[in-house]
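What the coordinates show
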Amino acid sequence: MDGKTLKPTKDYNPRWSADSYLAQALRRIGASEAMKHLLQASYREVKFELPLVRKDGSLAVFHGYRVQHNHSRGPFKGGIRYHPSVNWEHSHALASVMTWKTALMDIPFGGAKGGIDCDPAMLSSSELETLTKRFIAKLGPLVGPDQDILAPDMGTNAQTMAWLYDAYSQGQGDEPAVVTGKPVGLGGSYGRAEATGRGVAMVAAWAAQAEKLNLTGATVAIQGFGNVGSCAARFLAQRGAKVVAISDVRGGVYSGDGFDIETIIHSKEAGGKSASILELAGRGEAISNEELLTLGVDLLIPAAVGGVLHENNADQVKARLIVEGGNLPTTCGAAEILRDRGIPVVPDILANAGGVTVSYFEWAQNLQRYRWERETVQQRLEKTLKEAWDNVQKKAEEESLSYREAAYTIAVGRVKRAIELRGF
Ligand code: NAD
């Protein structure tokens, strides 16, 4: 599919971008038609109904999805998203992104993704627990520590992972390694909750250095102030960057003086979850999510939904560097425009891979029944991400590729090699 023909707005389909990035990589590494098919198609896709009796007695029917894309390099691994947009196309695209991400990090997992097409903000905690436990019951033997390991994504968190762990263990015996991102008090790893945002900040720092951008005092705009966006903001601020714009689903806020990120995070944690980002920030100018993307900042971090940088706004982006905190935020057509305009983009499969990397550490700790120190987790995260960054930067330089092209070339090449080694 040609990414340039995308309609990026409400009919945005993340598969177009995911498939285009893959197709380009396959052309670069040279793959037969049969191999192309194997790398593009999913190993298995399941969809099921999830009926739920609401608190008011009405019956709602949601849909659960799990796409297991590829497991040539190890068990399927990927998040569970709760969002009204969850469907086949999103799950497939995000599952394939996981396959390339785990390969690029060189961790022994494949790729999967899924979730429920619900808005978690509209459900009570007990409704969410029921839905979550029903989800895992329906997946049954398709998941497990050696089969498919679940993790948090948009709309899910450590509590959701605790429910998944509990539901799975009811039938299978105690098995914490079936899901990562659990609370630390329930088999979770130190450092997992903030790992994705921490990794985004690390990769942003290396990329800034490579692009001769001084991170100290650099202005940063972050779309999405959830797990990834808020942690990235915190760690970038700790590195001396000035976060001047943040947003959530309802809109954003801008202040040229920068925000006190710690105060905003604390207000959010202290019961401010329903407050708007403008209320949490306490000052600044209200801006839309679209305006945030085209601010004249040094660093732009899209850390929410997919497809926000598209053919209709890529030529208005003024950031000097883009680091993809969220998955698939840039359509293939936009990636070409940004490359032609000389705006470097660090792709999701590298920039936000800190989460799956510490998920791997959590899985390893659960299998060993042995907890690692927080410092060990952080050192190993940095080592793994740095190796991946160095490989991508080297390949990009040597072969005059964008960071995304280099990352996909390495990742897809590794999965292709694994398939060949296993044989048919
Ligand atoms: P989250 O649910 O914690 O936060 C999402 C944030 O995005 C919230 O602030 C929400 O209000 C905002 N948002 C939702 N829809 C939006 C829209 N249409 N426009 C602007 N903002 C919107 O989710 P998260 O875990 O931080 O995930 C964010 C992104 O990062 C997703 O793309 C996810 O796939 C990706 N990701 C997450 C992890 C992880 O460990 N949580 C790991 C890798 C990648």
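These numbers were taken from a predicted model, which means no experiment stands behind them.

About the cut-offs
Residues numbered from 1 in each chain as written. Predicted model: local features only at pLDDT ≥ 70, side-chain atom pairs only at ≥ 80, totals over all residues. Heavy atoms only, no water. Helix = DSSP H or I, 4+ residues; strand = E, 2+ residues; numbered from the N terminus. Rg over C-alpha atoms; globule rule 2.2 N^0.38 Å. Buried < 20%, exposed > 50% of the residue type's maximum accessible area, 1.4 Å probe, protein only. Areas by Shrake-Rupley, 256 points an atom, 1.4 Å probe, with all protein chains shown as cover. Domains from an automatic or database assignment. Buried area = accessible area lost by both parts, 1.4 Å probe. Salt bridge = Lys/Arg side-chain N within 4 Å of Asp/Glu carboxyl O. Polar contact = N/O pair within 3.5 Å; in protein donor to acceptor, adjacent residues only side chain to side chain. Pairing = 2+ DSSP bridges. Phe/Tyr/Trp six-rings, centres within 6.5 Å; stacked < 30°, edge-to-face > 60°.

1. Some remarks on the overall build of the chain
- When helices and strands are counted, the chain shows 15 helices and 12 strands.
- Its C-alpha atoms give the chain a radius of gyration of 20 Å, within 12% of the compact-globule value 22 Å for 424 residues.
- Taking the principal axes of its C-alpha atoms as reference, the chain extends roughly 55 × 55 × 45 Å.
- Counting every position in the chain, which comprises 424 residues, the buried fraction comes to 59%.
- Total accessible area on the chain is roughly 17100 Å²; 49% of this is exposed by carbon and sulfur atoms.

2. A few points about the domain arrangement of the chain
- Considered domain by domain, the chain is made up of domain 1 (40-186) and domain 2 (194-350).
- Taken over C-alpha atoms, the centre of domain 1 sits 26 Å from the centre of domain 2.
- Interface area lost by domain 1 to domain 2 is led by Val97, Lys101 and Leu104, which between them contribute 46%.
- Our enumeration of links across domain 1 and domain 2 arrives at zero salt bridges.
- At the junction of domain 1 and domain 2, the tally comes to one residue pair in polar contact (both at pLDDT 80 or more).
- Looking at the side of domain 1 that touches domain 2 element by element, the count peaks at six residues for helix α3 (residues 88-104).

3. Quick look at the sheet that holds strand β12 (residues 345-346)
- One open sheet holds the seven strands; their spatial order is β9-β8-β7-β6-β10-β11-β12, and the pairing between them is mixed. One side of each edge strand has no neighbouring strand; the edge strands of this open sheet are β9 (285-287) and β12.

4. Remarks on the packing of aromatic side chains
- According to the stated counting rule, one finds 10 aromatic pairs in the structure shown.
- On the basis of an interplanar angle of 90° and a centroid distance of 5.7 Å, the ring pair of Phe109 and Tyr360 is categorised as edge-to-face. Residue Phe109 is found in the loop between α3 and β4 (111-116), and its partner Tyr360 is found in helix α13 (residues 354-368); the two are separated by 251 residues along the sequence.
- When its relative accessible area of 1% is taken as the criterion, Phe109 is described as buried.
- Using a relative accessible area of 22% as the deciding quantity, one classes Tyr360 as partly exposed.
- Seen in terms of ring centroids, Phe361 and Trp372 are 5.2 Å apart; in terms of plane orientation they differ by 40°. Their pairing is tilted. Residue Phe361 is found in helix α13, and its partner Trp372 is found in the loop between α13 and α14 (374-399); the two are separated by 11 residues along the sequence.
- Note on Trp372: relative accessible area 11%, which makes it buried.
- Members of the aromatic cluster, connected to one another through ring pairs, are Phe109, Tyr360, Phe361, Trp363 and Trp372.

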